[in-house]
Amino acid sequence: MEAPPTSRVNYLNASYGVKSWLFTTDHKRIALLYLASITVMFFVGGIAATLMRFHLVQPEGALVQPDTYNKLFTIHGVVMVFFFLVPSIPATLGNFLVPMMIGARDLAFPRINLLSWYIYIVGAGFTLYAIMTGGVDTGWTFYTPFSSNYAHTQVIATALGVFITGFSSILTGLNFIVTIHKMRAPGLTWFRLPLFIWSMYATSVIFILGTPVIAITLFLLGLERLLHVGIFDPAIGGDPLLFQHLFWFYSHPAVYIMILPGMGVISELITAFSKKKIFGYTFVAFSSMAIAVLSFLVWGHHMFVTGQSVYAGLIFSVLSFMVAIPSAIKVFNWTATLYKGSISYQAPMLYALGFIGLFTMGGLTGLFLASLATDVHLNGTYFIVAHFHYIMVGGAVMAYLGGIHFWWPKITGKLYPDGWARLAAAIIFVGFNLTFFPQFVLGYLGMPRRYAVYPPEFQVLNVMSSAGASILAVGYLIPLIYLTWSIRYGPAASANPWGAKGLEWETPSPPPTENFEEIPIVTEEAYAYAEGRTAHV
Amino acid sequence: MRKGARRMSETVSSGLPAHAERHHVGHGPELRHHFEEAEQQHEASTLGMWVFLATEILFFGGLFTAYTIYRSFYLPGFEAGSRLLDVKAGAANTAVLIGSSFTMASAVHAAQTGKRKLLVTCLILTMILGCVFLGIKYTEYAEHWHEFQVPGLHWDSAATFFKNAPNGSVELFFCFYFFMTGLHAVHMIIGLGIMTVMLILSWRGRFAEKYFSPIEISGLYWHFVDIIWIFLFPLLYLIGGRYQ
Amino acid sequence: MTGHVVSMRLYLMIFIALLALTALTTAVAYVDLGEMNTVVALLIAVIKMSLVVLFFMHVKYSSGLIRVVVLAGFFWLAIMLTFTLADELTRGWTGNPHGWGPAISSSQKP
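In this text, all values refer to a predicted model and were calculated from it rather than measured experimentally.

Participant: Report on the overall build of chain A, specifying residues and quantitative values.
Facilitator: Each helix and strand counted, chain A has 16 helices and zero strands in total. Radius of gyration (C-alpha) of chain A: 23 Å, near the 24 Å computed for a compact globule of 537 residues. Principal-axis analysis of the C-alpha atoms gives chain A an extent of 70 × 45 × 45 Å. The 537 residues of chain A split such that 64% are buried. Considering only contacts within chain A whose residues lie at least 6 apart along the sequence, 83% involve residues at least 24 apart. As displayed, chain A has an accessible area near 18400 Å², and 72% of this comes from carbon and sulfur atoms.

Written as structure tokens, this is what we have:
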């Protein structure tokens, strides 16, 4: 029996006023600060995508000049990668849940947590400034020598924005690593941790070891642009490909930063909505770590056709096949978890099931790209675009939405309307596939990416893709409406509306500022659901 | 995990009071409220600084990687450029930084053993040596500027042309010289800022045997900056030897 | 909560060793050892770094976790170096007449 939320003190009503939010050190409030910011950036990047898809309904381009088109796809990439996908789950759900799932009162360094948000805001500010004062047209990959020597757009401002935001990631990763090592509740051994924590840890390892390299790379790019000479400049013997090596050393692991947290969310959703413990816990946990490590060994597969040595290409190709294995292990384990589970189909589960299917498709298509011979044909085409959108949107964004819905009652103390949520999930699923499946075909047929115009024979598929994009946009707007509505008008949520296992569900919804009255003592394994009709596997 | 199990047995078997009462027992104001014990907080801050230093290894590492590649391609040019650097200044700076690491380690020792005056003295000495380093660096930079050896800003190819060194490769070397020592100098300046804060807090008697973690982790940062220079000296100043 | 207190005497000895190694590396640069000049210089640098890491930074007395963090940093740097060099140094191996390699040659004048 608990008091109605409005009369109980929780982290949302413990203090009022703008200052209590802007100077908070409560990880839960910081998570909400991030949630608001990245939602804004998601729509900035989404507007760029909408304009692109409008433009591409006609072969000669329907909307903008080619130079502007270049700016659109660059802005879409920069904003979506660095300002939405990379921070999305870690900075929102991670910040909120990591201390709660391990039975701690906050992260190890709460003030650094707040600092990381302010750093994000400053970085986003520079990037938005760049967008509003002419944009940038180099592609989110900033390849030299175009970016260092020939582009007449806001390269430095954008690079500076990304550079600054990188430190936000580094501080978040640092906080998570120290917290998970040093602040677990008594009895919470490593192998009793929720798999979401394992994925946050693995993601943090990548944050720490990868992000500094993009920082120095963009720093060097900025210097070269300012000084008109630098280490990537062929005129003094520089190698433009070196930029690519340094860039992709981070940016490939970055894509695993974008998917690993999603995988962690899926492990939580699949178990909660099958009422069954995860199949192969140890395999899933170690797969997260394996992905984090292997992700650093494959970056050259982005450079197969740019002039890299074929011998290096061979090594990177083999390793790229290997990195698919731990991801596949996870998919098998999630599927096995479903087997003989007591499955219910609320919105978070729909997102989770959608993830498994779409991520698998995205992952499998990556194998065509890992293979040197086929990559020669597919590189630089829409096949690549489809591949990574299946993983990033069909995978990461759906996991993000599933997680937001699943933990929404805990975060806000309110229930959202599940009927509308399931409708939105279905619309997103349909819209997504209509947008991106035609792009596989387009790429196979040879339509290049980053082109403002295309041969007329590709028009039908492009129109299908744009139609799908409009459906997808509607699908994304619907949760914005009902989630916002639920904050004020939604029914109050109990501590554990889903009947899920995990320390976060043992606190009131919303939780008090200090999370736990008493630090819990953990005595059971993760996902210790009652073994009803489940077979013992 | 052992830690978790140990604490569980402590709380369960030793009959310690509930958290609300335990909270006010046996710790000073420096214990932040989200930590259970001072030891936990100390370990967390040390681990946090080491994780940050790992990021710094990768940050400078990008420059070291690029340097390695170009040195392997353009050794004659890198040798020529290296010989234009002042070895005496570089060696002196190396000695100065090593000295500052010694005084920094002594400062940590002083904090650990509760010797406030020694702590303050060692911090001041560390900062003085840091400033000496930057001073020597400045004179070197001024000399390079005077000799038109600053790429992009004040460069004369004819003045730095060397037979057998591919055209441009000396300028490439100097790009590395300025980028690497410049980035290092920025880290030194930040280090001096950190030391200023530590000095003020030490002067006020903030640190003693029970609580010296900020001094310790500031020291870790300072030693790291020293280590970067330990590599920069041979890699920039001693390429190809000085025997010709 | 004192942690391990290292004696001032040990610090002094390490300091002197570091100074000596600095003098050594500078002196060796004036001796013609050919290829070995670079090897010796790097070796001395690694030894100096190890002394600072182990003693000044207390890693010798630190937990296994700290050592893993230190090693991970260097190991990842090694990954970056190795794989990038694997490309840069092997581009000329295919015998392609327009093959890759340094963009400029020594025959050019300024």
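That was the structure; now back to the text.
Participant: Tell me about the confidence of the model for chain A, residues and numbers included.
Facilitator: Here chain A averages 95 in pLDDT, and 97% of its residues register 70 or above. Within the model, the stretch residues 533-537 of chain A combines pLDDT values under 50 with eleven contacts to residues more than four positions away or in other chains.

Participant: Which residues make up the domain arrangement of chain C, and what values do they have?
Facilitator: Assigned domains of chain C: these are domain 1 (7-57) and domain 2 (61-91). Relative placement of domain 1 of chain C and domain 2 of chain C: their C-alpha centres are 21 Å apart.

Participant: Now, about a nonpolar patch on the surface: what can you tell me, with residues and values included?
Facilitator: The grouping of A:V310, A:Y311, A:L314, A:I315 and C:W93 at the surface amounts to a nonpolar patch, some 510 Å² of accessible area in total. Mapped onto the secondary structure, A:Y311 falls in helix 11 (residues 310-338). Judged by its relative accessible area of 35%, A:Y311 falls in the partly exposed class.

Participant: Help me get a handle on the interface of chain C and chain A, residues and values and all.
Facilitator: The partner chain A presents 28 residues to the 18 residues of chain C that form the contact. Each partner contributes to the roughly 1800 Å² buried at the junction of chain C and chain A, and carbon and sulfur atoms together form 75% of this total. It is C:W76, C:M80 and C:F83 that lose the most area in chain C upon contact with chain A, and together they represent 35% of the buried surface on that side. On inspection of chain C and its partner chain A, the count reaches one salt bridge. A salt bridge links C:R91 to A:D239, with the nearest nitrogen and oxygen atoms 3.0 Å apart. In this structure, the connection of chain C to chain A is made through four residue pairs in polar contact (both at pLDDT 80 or more). Split into classes, the residues belonging to the side of chain C that touches chain A amount to eleven nonpolar, four polar and three charged.

Participant: Describe the confidence of the model for chain C, listing the residues and the values that go with them.
Facilitator: Detailed reading of the predicted coordinates is not advisable wherever pLDDT is low. Residue and element names in this part refer to chain C. Considering every residue of chain C, the mean pLDDT works out to 86; 84% of them sit at 70 or more. Below pLDDT 50 for its whole length, residues 103-110 participates in 22 contacts with residues either more than four positions away or in separate chains. Of the two predicted TM-score estimates for the complex, the pTM is 0.93 and the ipTM is 0.93.

Participant: Give a description of the state of the cysteines that names residues and reports values.
Facilitator: Residues and elements named next belong to chain B. The tally for this structure, following the rule as stated, stands at zero disulfides over all chains. In this structure C122 is a free cysteine whose sulfur lies 16 Å from that of C131, the closest cysteine sulfur available. Look at C122 and you get buried, because its relative accessible area is 6%.

Participant: How would you explain the pattern of salt bridges if you had to name every residue and give the values?
Facilitator: With the rule as written, the count across this model stands at nine salt bridges over all chains. A salt bridge links B:E79 to B:R83; its shortest N-O distance comes to 3.9 Å. Note that B:E79 and B:R83 are positioned in helix 4 (residues 75-83) at a spacing of four residues, about one turn of the helix. We note a salt bridge from C:E88 to C:R91, for which the minimum N-O separation is 3.2 Å. Exposure class is identical for C:E88 and C:R91. Each is buried.

Participant: Go over the environment of A:L32, please, and point to the residues and values.
Facilitator: Residue and element names in this part refer to chain A. Along the chain, L32 turns up in helix 2 (residues 27-55). Once the C-alpha coordinates of L32 and F96 are considered, the two residues, 64 residues apart in sequence, prove to be 8.2 Å apart. Those residues in contact with L32 that sit more than four places away from it in its chain are Y11, L12, W21 and I411.

Participant: Describe in detail the interface of chain C and chain B, supporting the description with residues and values.
Facilitator: Of the residues lining the interface, 57 residues belong to chain C; the matching set on chain B comes to 59 residues. Summed over both sides, the interface between chain C and chain B buries roughly 4900 Å², with carbon and sulfur atoms accounting for 79% of that surface. In this assembly, chain C and chain B are joined by zero salt bridges. Inspection of the region where chain C meets chain B yields three residue pairs in polar contact (both at pLDDT 80 or more). Counting residues per element, the ones that place at least two in the side of chain C that touches chain B are helix 1 (8-28), helix 2 (36-56) and helix 3 (64-88) of chain C. At 13 residues, helix 3 of chain C tops the list of elements feeding residues into the side of chain C that touches chain B.

Participant: An account of the side chain of B:T126 is needed here, citing residue identities and associated values.
Facilitator: Residue and element names in this part refer to chain B. Relative to the elements of secondary structure, T126 occurs in helix 6 (residues 116-146). Exposure remark for T126: the relative accessible area of 0% places this residue in the buried category. Apart from the residues within four sequence positions on either side, T126 is in contact with S100, T103, M104 and W222.

Participant: Which residues make up the packing of aromatic side chains, and what are the values?
Facilitator: All names here are of chain A. All chains considered together, the criterion is met by 69 aromatic pairs over all chains. A centroid spacing of 5.1 Å and a plane angle of 45° characterise the contact between F432 and F436, whose relative ring orientation is tilted. Placement of both F432 and F436 in helix 15 (residues 418-445) is noted, with a separation of four residues, approximately one turn of the helix. Taking relative accessible area as the criterion, F432 reaches 1% and is therefore assigned buried.

Participant: Could you give me a rundown of the packing of helix 5 (residues 110-132) of chain A against helix 7 (residues 155-182) of chain A, with the residues and numbers involved?
Facilitator: All names here are of chain A. For the pair helix 5 and helix 7, the least separation of the axes is 7 Å and the interaxial angle reads 165°. Judged by the inter-axis angle, helix 5 sits roughly antiparallel to helix 7. As helix 5 packs across helix 7, the resulting crossing turns out to be left-handed. Across the contact of helix 5 with helix 7, the residue classes break down as 15 nonpolar, ten polar and no charged.

Participant: Explain unusual backbone geometry to me, and be specific about the residues and the numbers.
Facilitator: Comment: phi is negative for the bulk of residues other than glycine, and the bulk of peptide bonds are trans. In this structure, the amide linkage connecting A:T144 to the following residue, A:P145, adopts the cis form with an omega of -5°. The residue A:P145 is located in the loop between helix 5 and helix 6 (146-150) in this model. The omega angle of the peptide bond from A:S509 to A:P510 is -10°, so this bond is cis rather than trans. Assignment of secondary structure puts A:P510 in the segment after helix 16 (459-489). The residue A:Y527 is not glycine, and still its phi comes out positive at about 55°. If you trace the backbone, A:Y527 turns up in the segment after helix 16. What makes A:Y527 buried here is its relative accessible area of 4%. Phi angles above zero are rare outside glycine, and C:H58 is one such case at about 65°. Tracing the backbone through its elements, the reader meets C:H58 in the loop between helix 2 and helix 3.

Conventions adopted
- Residues numbered from 1 in each chain as written.
- Chains lettered and ligands numbered in written order.
- Predicted model: local features only at pLDDT ≥ 70, side-chain atom pairs only at ≥ 80, totals over all residues.
- Heavy atoms only, no water.
- Helix = DSSP H or I, 4+ residues; strand = E, 2+ residues; numbered from the N terminus.
- Rg over C-alpha atoms; globule rule 2.2 N^0.38 Å.
- Buried < 20%, exposed > 50% of the residue type's maximum accessible area, 1.4 Å probe, protein only.
- Contact = heavy atoms within 4.5 Å.
- Areas by Shrake-Rupley, 256 points an atom, 1.4 Å probe, with all protein chains shown as cover.
- pLDDT = per-residue confidence, 0-100.
- Domains from an automatic or database assignment.
- Patch = residues over 30% accessible without salt bridge, like charges linked within 9 Å, V, L, I, M, F, W, Y side chains within 5 Å.
- Salt bridge = Lys/Arg side-chain N within 4 Å of Asp/Glu carboxyl O.
- Buried area = accessible area lost by both parts, 1.4 Å probe.
- Polar contact = N/O pair within 3.5 Å; in protein donor to acceptor, adjacent residues only side chain to side chain.
- Nonpolar A, V, L, I, M, F, W, Y, C, P; charged D, E, K, R; others polar.
- Disulfide = S-S within 2.5 Å.
- Phe/Tyr/Trp six-rings, centres within 6.5 Å; stacked < 30°, edge-to-face > 60°.
- Axes fitted to C-alpha atoms, helices over the stretch in contact; angles between N-to-C directions.
- Parallel < 35°, antiparallel > 145°, perpendicular 65-115°, else oblique.
- Left-handed = near helix turned anticlockwise from the far one by under 90°.

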